[in-house]
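What follows is the residue order along each chain.
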Amino acid sequence: MSTLDRTPPLQTKFPTIGTTIFTVMSALAAEKGAVNLGQGFPDFDCDPKLLDAVTDAMRKGLNQYPPMTGVPALREAVAAKIEALYGRKYDAATEITITAGATQAIITAVLAIVKPGDEVIVLEPCYDSYVPNIELAGGVVVRVPLTPGTFRPDFAKIGAAISPRTRAIIVNSPHNPSATVWTRAEMLRLQDLLAPTDIFVISDEVYEHMVFDGQLHQSAARFPGLAARSLIVSSFGKTYHVTGWKIGYVAAPAALTAEFRKVHQFNVFTVNTPMQFGLASYMASPEPYLQLSAFYQRKRDLFREGIARTRLKLLPSEGTYFQCVDISGVSDLKEADFCKWLTNEFGVAAIPMSALYVDGDDQGIVRFCFAKKDETLRSALDRLAKL
Ligand SMILES: Cc1ncc(COP(=O)(O)O)c(C=O)c1O
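Positions within a chain are numbered from 1, following the residues in the order the chain's sequence is written. Under the rules for a predicted model, residues below a pLDDT of 70 receive no local features and side-chain atom pairs below 80 are neither given nor counted, while totals for whole chains, interfaces and linings still include all residues. Values reported for side chains reflect all heavy atoms of the structure, with hydrogen atoms and water molecules removed beforehand.

Draft legend 1. View of the overall build of the chain. In this text, helices come from DSSP runs of H or I with a minimum length of four residues, and strands from runs of E with a minimum of two, each type numbered from the N-terminal end. Scanning the chain from terminus to terminus reveals 15 helices and 13 strands. Throughout, radius of gyration means the C-alpha value; the globule benchmark is 2.2 Å times the number of residues raised to the power 0.38. For 387 residues, the compact-globule formula gives about 21 Å, and the C-alpha radius of gyration of the chain, at 21 Å, lands near that figure. Summarising its shape, the C-alpha atoms of the chain cover approximately 65 × 55 × 50 Å along the three principal directions. The buried label goes to any residue with under 20% of its type's maximum accessible area, the exposed label to any with over 50%, and the partly exposed label to all in between, with areas taken from a 1.4 Å probe on protein chains only. Classification of the 387 residues of the chain by burial places 55% in the buried group. The criterion used for residue contact is that any of the two residues' heavy atoms lie within 4.5 Å. Long-range pairs, those at least 24 residues apart, make up 76% of the contacts in the chain with a sequence separation of at least 6. Using the Shrake-Rupley algorithm and a 1.4 Å probe, accessible areas are obtained, with residue cover drawn only from the displayed protein chains. Accessible surface, the chain as shown: approximately 16,700 Å² in total, 55% of it carbon and sulfur. Of the charged side chains in the chain, 39 are positive and 40 negative, and the gap between their average positions amounts to 1 Å. In this tally Asp and Glu are treated as negative and Lys and Arg as positive; neither His nor the chain ends contributes. Working definition for charges: the position is that of NZ of Lys, CZ of Arg, CG of Asp or CD of Glu.

Here it is in structure tokens:
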């Protein structure tokens, strides 16, 4: 090899990050022709009206850069929705920003508020981007476990983790992967705990419209003491069955939004225009998001009825499109090994909960995604019935 085409050595920023279990499990599922209940995305299409709205926007020539903060009509639709559902009025011009999905929203929020050496509390298990995001910002990750078994927040532990260097806490309800939904009492506890501090909240509410059994989503927007310190993140991808569109938003008080936008304008600048116009006109009707909980509750019940006939033990699923199960009655394999075995031998892919802990804590629990056609769920249940 000539020295001219030598790639200089690069010191990795992430020595421990390799191929994630999500990629491993999806590849294995494809190889084995397994029903993939691992990754969290629907296998059915969105409402054709939404496709028409986006296509209309493209045909009208709405294909150039939109405003950096997002198309005004979409920001206004988001502000109106939040006010109608959670009773807090966000100013569409200064407090709502359209993002390239929740993932970009979260990293942008972290980069905007976390300085090197700042501590950020995460509640494990948690979505896998939080920890690397904090590390990229030079922050120190402070991991607090949700209560093993129930996955409820443990406020004594959260309180003990707070220090003078705590800059932020990331919370997520409805929660991926445990499918728990924070109660009003829990949100009030968080509000009280943070009241004497200057800690910011990044509230990941991407599953806000998937809450079951008559429970209400307790958005941080409902609680003045939380809303004043929160960047609230949501995802149109989850709400409208279009995860591949990568579009979401952040709602935050004007002073926080101003800082958020300073980072946003130099990491993504703008988010694709026709999707924004399409979503803005589609949001004129609240029905799709108002009906989403009932839509997924029916799928959850179908899936749970089938699982109840196996030796897998159901954990509660209060929200999201996930169902966790305890595998101890079936196998004493480690979660990750169990998932591989299940894919190989029974043709159903799942995700080990340990993948969502930095230390890979193993509790004998795996996560299935039920955002699938009924026939997909039935086919998975037929296979699992043989367990
Ligand atoms: C808890 C949580 N936050 C954020 C995201 C990312 O959402 P988006 O696809 O809009 O980036 C996901 C997607 O799985 C998630 O489960």
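From this point on, the discussion continues.
Draft legend 2. Representation of the state of the cysteines within the structure. The disulfide definition used here is simple: a pair of cysteine sulfur atoms within 2.5 Å. Applying the stated criterion across every chain yields a total of zero disulfides. Here Cys339 is not cross-linked by a disulfide; its sulfur's nearest cysteine counterpart is in Cys324, at 11 Å. Given the relative accessible area of 0%, Cys339 is considered buried. With no disulfide of its own, Cys369 lies 11 Å from the sulfur of Cys324, the closest cysteine sulfur. Under the relative-accessibility criterion, Cys369 is labelled buried at 0%.

Draft legend 3. The arrangement of helix α15 (residues 374-384) in detail. When we look at burial in α15, the residues that qualify are Asp374, Thr376, Leu377, Ala380, Leu381 and Leu384. All buried residues of α15 project into a common sector of 160 degrees when viewed along the axis, lining one side. Across α15 from its buried face, at more than 90 degrees, point the exposed residues Glu375 and Asp382. Turning to α15, the residues buried within the fold contact β1 (35-36), α13 (292-308), α14 (335-346), β11 (348-349) and β13 (365-369). The directions considered for the arc run from the helix axis to the C-beta atoms.

Draft legend 4. Representation of the packing of α13 against α15. Axes here refer to lines fitted to C-alpha atoms; in helices the fit is confined to the stretch in contact. Angles between the N-to-C directions go from 0 to 180 degrees. The N-to-C vectors of α13 and α15 enclose an angle of 15 degrees; their axes lie 9 Å apart at closest approach. By the criterion of interaxial angle, the relationship of α13 to α15 is roughly parallel. Where α13 crosses over α15, the handedness of that crossing is right-handed. Here Arg298, Lys299, Leu302, Phe303, Gly306 and Ile307 of α13 lie close against α15, whose contacting residues are Asp374, Leu377, Arg378, Leu381 and Leu384. Roughly parallel refers to an angle under 35 degrees, roughly antiparallel to one over 145, roughly perpendicular to one between 65 and 115, and oblique to any angle outside these ranges. By the definition used in this description, the sense in which the near helix is turned from the far one sets the handedness, with an anticlockwise turn below a right angle giving left-handed and a clockwise turn giving right-handed.

Draft legend 5. Layout of the nonpolar core. In these notes, a set of buried Ala, Val, Leu, Ile, Met, Phe, Trp, Tyr and Cys residues joined through side-chain atoms within 4.5 Å is what counts as a nonpolar core. Counting residues in each nonpolar core, the largest one holds 66 residues, and the members touching the most others are Leu231, Tyr296, Leu312, Tyr321 and Phe368. Ranked by the residues each element gives to this core, the list is headed by helix α4 (residues 101-113), at six residues. Counting 55 residues, the second largest nonpolar core, distinct from the first, contains Leu50, Tyr86, Leu146 and Ala220.

Draft legend 6. Focus on empty space enclosed by the protein. Cavity and pocket criteria rest on a 1 Å grid covering protein atoms alone: a 1.4 Å probe that fits but cannot get out defines a cavity, protein on both sides within 12 Å along at least 5 of 7 lines defines an open pocket, and an atom within 4 Å of a point defines a lining residue. Grid points are joined across faces, edges and corners, and a volume is the space filled by probe spheres set on the points. Taken as a whole and assessed by the stated rule, the structure comprises three cavities of 30 Å³ or more. If you add up the space inside the largest cavity, you get close to 80 Å³. Around the largest cavity sit 13 residues that line it, and Leu123, Ile170, Val171, Asn172 and His175 are the ones nearest its centre. Sorting the residues of the lining of the largest cavity by element identifies β3 (119-124) and β5 (166-172) as the ones contributing at least two each. At three residues, the largest contribution of residues to the lining of the largest cavity is made by β5. Amino acid classes used here: Ala, Val, Leu, Ile, Met, Phe, Trp, Tyr, Cys and Pro are nonpolar; Asp, Glu, Lys and Arg are charged; the rest, including Gly, are polar. Considered class by class, the residues forming the lining of the largest cavity number 10 nonpolar, three polar and no charged.

Draft legend 7. Spatial organisation of the sheet that holds β13. A pair of strands counts as paired when DSSP detects no fewer than two bridges linking them. Pairing is antiparallel in the open sheet, where four strands are placed in the order β9-β10-β13-β12. The open sheet terminates on both sides in strands that have one partner only, identified here as β9 (313-314) and β12 (351-352). In the sheet, β12 pairs with β13 via two bridges, with the strands oriented antiparallel. Of the residues in β13, the one forming a bridge with Ile351 is Arg367. Sheet strands touched by α13: β9, β10 (322-326) and β13. Its angle to β10, the strand with the most contacts, is close to 15 degrees. Its contacts with the sheet place α14 against β12 and β13, and it is angled at close to 45 degrees to β13.

Draft legend 8. Structural context of the layout of surface pockets. Roughly 1,200 Å³ of internal volume is contained in the largest pocket. The wall of the largest pocket is formed by 42 residues, among which Thr20, Phe22, Tyr127, Asp128 and Leu356 lie closest to the centre. Mapped onto the lining of the largest pocket, the elements with two or more residues apiece are α1 (21-32), α4, α5 (130-136) and α9 (236-239). The element best represented in the lining of the largest pocket is α4, accounting for four residues.

Draft legend 9. Spotlight on the sheet that holds strand β4 (residues 140-145). Taken in spatial order, the seven strands of this open sheet run β2-β8-β7-β6-β5-β3-β4, and their pairing is mixed. In this open sheet, the two edge strands, each paired with only one partner strand, are β2 (96-99) and β4. Between one strand axis and the next, the sheet turns by 20 degrees as a mean value, whatever way the strands run. For strand β6 (residues 200-204) and strand β7 (residues 230-235), the ladder comprises four bridges, and the chain directions are parallel. Within the sheet, the bridge partner assigned to Asp204 lies in β7 and is Val233. Along the sheet, helix α10 (residues 254-267) contacts β2, β6, β7 and β8 (248-251); its crossing angle with β2, the most-contacted strand, is approximately 25 degrees.

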